[in-house]
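Tertiary structure, described
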Amino acid sequence: MTFTPPIAAQRFALQTIADITTLPGAEDLALVDAILEEAGKLAAGSFAPLNRIGDTQGAQWSNGKVTLPEGFGEALQAFGEGGWIGLNAAPQFGGQGLPFTLACAVMEQLAAANLSLSLCPMLTLGAIEALTAHGSPEQQEQWLKPLVAGQFTGTMNLTEPQAGSDVGALRTEAKPAADGSWRIRGSKIFITWGEHDLADNIVHLVLARTPGSPPGTRGISLFLVPKILTDGSRNDVRCVSIEHKLGIHASPTCTLSFGDHDQCVGWMVGEENGGMRAMFTMMNNARINVGIQGIAVAERATQAAVAYAADRVQGRGPDGKPAHIIAYPDVRRMLMTMRAFTEGARAIAFLNAAAIDRAHQGDADQRGLADLLTPVTKAFGTDVGVEVASLGVQVFGGMGFIEETGAAQYYRDARITPIYEGTNGIQALDLVGRKLPMEGGRHWQALLAGERDFVATLANGALADLLPGLEQALATLETASATISAAALPDRDAAATPYLRMFALCLAALLLARQAKAATRQLATTPDDAFLHSRIAIARYFVQNLLPAATALLAPISRGASGLFTVPDQLL
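Read on for a plain summary of the structure. Note that the structure is predicted; figures quoted are calculated from it, not measured.

The rules behind these values
Residues numbered from 1 in each chain as written. Predicted model: local features only at pLDDT ≥ 70, side-chain atom pairs only at ≥ 80, totals over all residues. Heavy atoms only, no water. Helix = DSSP H or I, 4+ residues; strand = E, 2+ residues; numbered from the N terminus. Expected span 1.5 Å × (residues − 1). Contact = heavy atoms within 4.5 Å. Buried < 20%, exposed > 50% of the residue type's maximum accessible area, 1.4 Å probe, protein only. Phe/Tyr/Trp six-rings, centres within 6.5 Å; stacked < 30°, edge-to-face > 60°. Lys NZ or Arg CZ within 6 Å of the ring centre and 35° of its normal. Pairing = 2+ DSSP bridges. Disulfide = S-S within 2.5 Å. Core = buried A, V, L, I, M, F, W, Y, C linked by side-chain atoms within 4.5 Å.

1. Some words on helix α13 (residues 442–456)
In this model, α13 (15 residues) spans 21 Å end to end at C-alpha, consistent with the 21 Å of a helix rising 1.5 Å per residue. Its buried side turned inward, α13 meets α10 (364–396), α14 (467–486) and α15 (491–523).

2. Describing helix α7 (residues 137–148)
Look at α7: 16 Å from first C-alpha to last across 12 residues, which is about the 16 Å you get at 1.5 Å a residue. Residues of α7 that are buried: Q139, Q140, W143, L144, P146, L147 and V148. Just beyond α7, the residue with positive phi is G150, at close to 85 degrees.

3. Structural notes on the packing of aromatic side chains
What the rule picks out here adds up to 9 aromatic pairs. Seen from their ring centres, W143 and F152 are 6.1 Å apart, and the 50 degrees between their planes marks the pair as tilted. Here the aromatic rings of Y308 and F396 are separated by 4.3 Å at their centres, their planes lie at 20 degrees, and the arrangement is stacked. With Y308 in helix α8 (residues 275–311) and F396 in helix α10, this residue pair connects regions lying 88 residues apart in the sequence. The residues Y308 and F396 share a single accessibility class, namely buried. Site record: aromatic cluster; members linked through ring pairs are W143, F152 and W267. The ring centre of F454 lies 4.3 Å from the NZ or CZ of R514, which sits over that ring.

4. Points about unusual backbone geometry
Look at D262: it is not a glycine, yet its phi comes out positive at around 60 degrees. Looking at the secondary structure, you find D262 in the loop between β9 (253–258) and β10 (265–269). On the basis of relative accessible area, D262 is assigned to the partly exposed category, the value being 49%. A positive phi angle, near 50 degrees, is found at E439, a position not held by glycine. Positionally, E439 belongs in the loop between α12 (424–435) and α13. Accessibility expressed as a relative area gives 52% for E439, which makes it exposed.

5. A look at the pairing of strand β3 (residues 152–157)
Within β3, 6 of the 6 residues are buried, which leaves it mostly tucked inside the rest of the structure. For β3 and strand β6 (residues 201–209), the ladder comprises 6 bridges, and the chain directions are parallel. Along β6, the bridge assignment pairs T153 with I202.

6. Focus on the state of the cysteines
Tallied over the full model, the rule gives 0 disulfides. Note on C254: no disulfide assigned, nearest cysteine sulfur contributed by C239 at a separation of 3.9 Å. A relative accessible area of 0% means that C254 is categorised as buried.

7. Comments concerning the nonpolar core
Of all hydrophobic cores here, the largest spans 196 residues; its most connected members are L205, L470 and Y499. Other than its neighbours up to four places away in sequence, L205 contacts A127, A130, L131, T155, M156, N157, L222, F223, L224, V269, M279 and M282.

8. Remarks on the environment of Q445
For Q445, the location among the structural elements is in helix α13. Remark: the alpha-carbon pair of Q445 and Y410, spanning 35 residues in sequence, is separated by 37 Å.

And the structure:
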């Protein structure tokens, strides 16, 4: 099934939501267009054709080695040689120094084309970010350039059998060696692209405990552990198995064993016992990119469903002639919901990414906004991916349940995204427990105040019909935010997930309304532009059909834990 990069929609969101040309390195809109166009060619021409074969053949493990289907190595090499991995990396390490926001748009195209393959450069980007922020000058000089060039790939090693979401329970050990390096011993599970044959080396970033370290997360340090040592010899780290998964079959999910012979060499990154802070540098950007993955799968599933609905003839229309199912109201409802959710989640992600770029320039308010939005981007983007992919199967009907159409793969691939990089329940807890209370709630209050001012500008204009729905949603969100801020545990934790959903629905509607307003301005000079008219129609559909669910969520938010524990465990 063909894939068309959503360049027009991305460009419009980058301009109207991220204000991309105000970000350093992206002032020239022609450059932004060129990057989107060229990345789209790579995604559609190299990554997308491998999506199906990756799903059917998958990654293969034998005697500690992992191999990928034919063509994966060439596609990854083309990505590296084209400079795409270093798009927003620092120029001194071979990067182009362009905004993270633009890199997110490129990553969306790659993930939509082939989610399994895109995970490899995504983890590498996280390793680059962590080493740039916390690595020593010597580590940066030695490891960043080949990572940026695509010669090496990177991984993130947190999870152990007894330590999943509870990272503080990990047991992997690191002991100092006489030469200043460390000897790592332990095992890690669920390591994405932890072993493969597509690069010269793999740079593992591993969380471990040093002797005498404090318990919990306070006693964790981060280590750089390469697959191949600097002298060309193989390090004492091996892949003992890969997982057989529901989806992303061509993304090897590895169990890694470190130090079976007590000779696994690693180097500490950052300060001792500062591993969580260093790893969160990697994880925060990864969480945004995982949200992008959900949006990407939603985009791909929507394109497939629209194409099928436009081609599938079933029954007869009002004129008595055979009708394509795209003409039926229920199918149209599903397609409009898929499109509106995808565009709304993309707008949130681009706003989040742009806030990160501005925070890097020293804007403290934007840092607060970025922190506030990161759990929303991750959770809502991935929930949207699953919901839209599921609707896609429904549009295909019985054929959606048949593997050959490809609709089922999008659903299977998307299902992991609400789980990894911190489950969406954890994202919700992060939002209400850490991000809302920051600086006395100043950041969420500033965000809503700005959106309230924007909504007021819609009065008496072409979009005045959106005003009642947006005003009601904003008022409800303000009430819910105040309720959450004042709530005590366990009520606050119990309300976290519906609150995050409310927050995301309201913000998505507001950002789509912003796009609609920009479209109305542009229509003054190009009144027949169908794309601009579609932006207005999508915003209107979201506000009128999807946003009302936000108001309904106030009830479970207000009830908190009431009713959750009234049924005994054994009767659940």
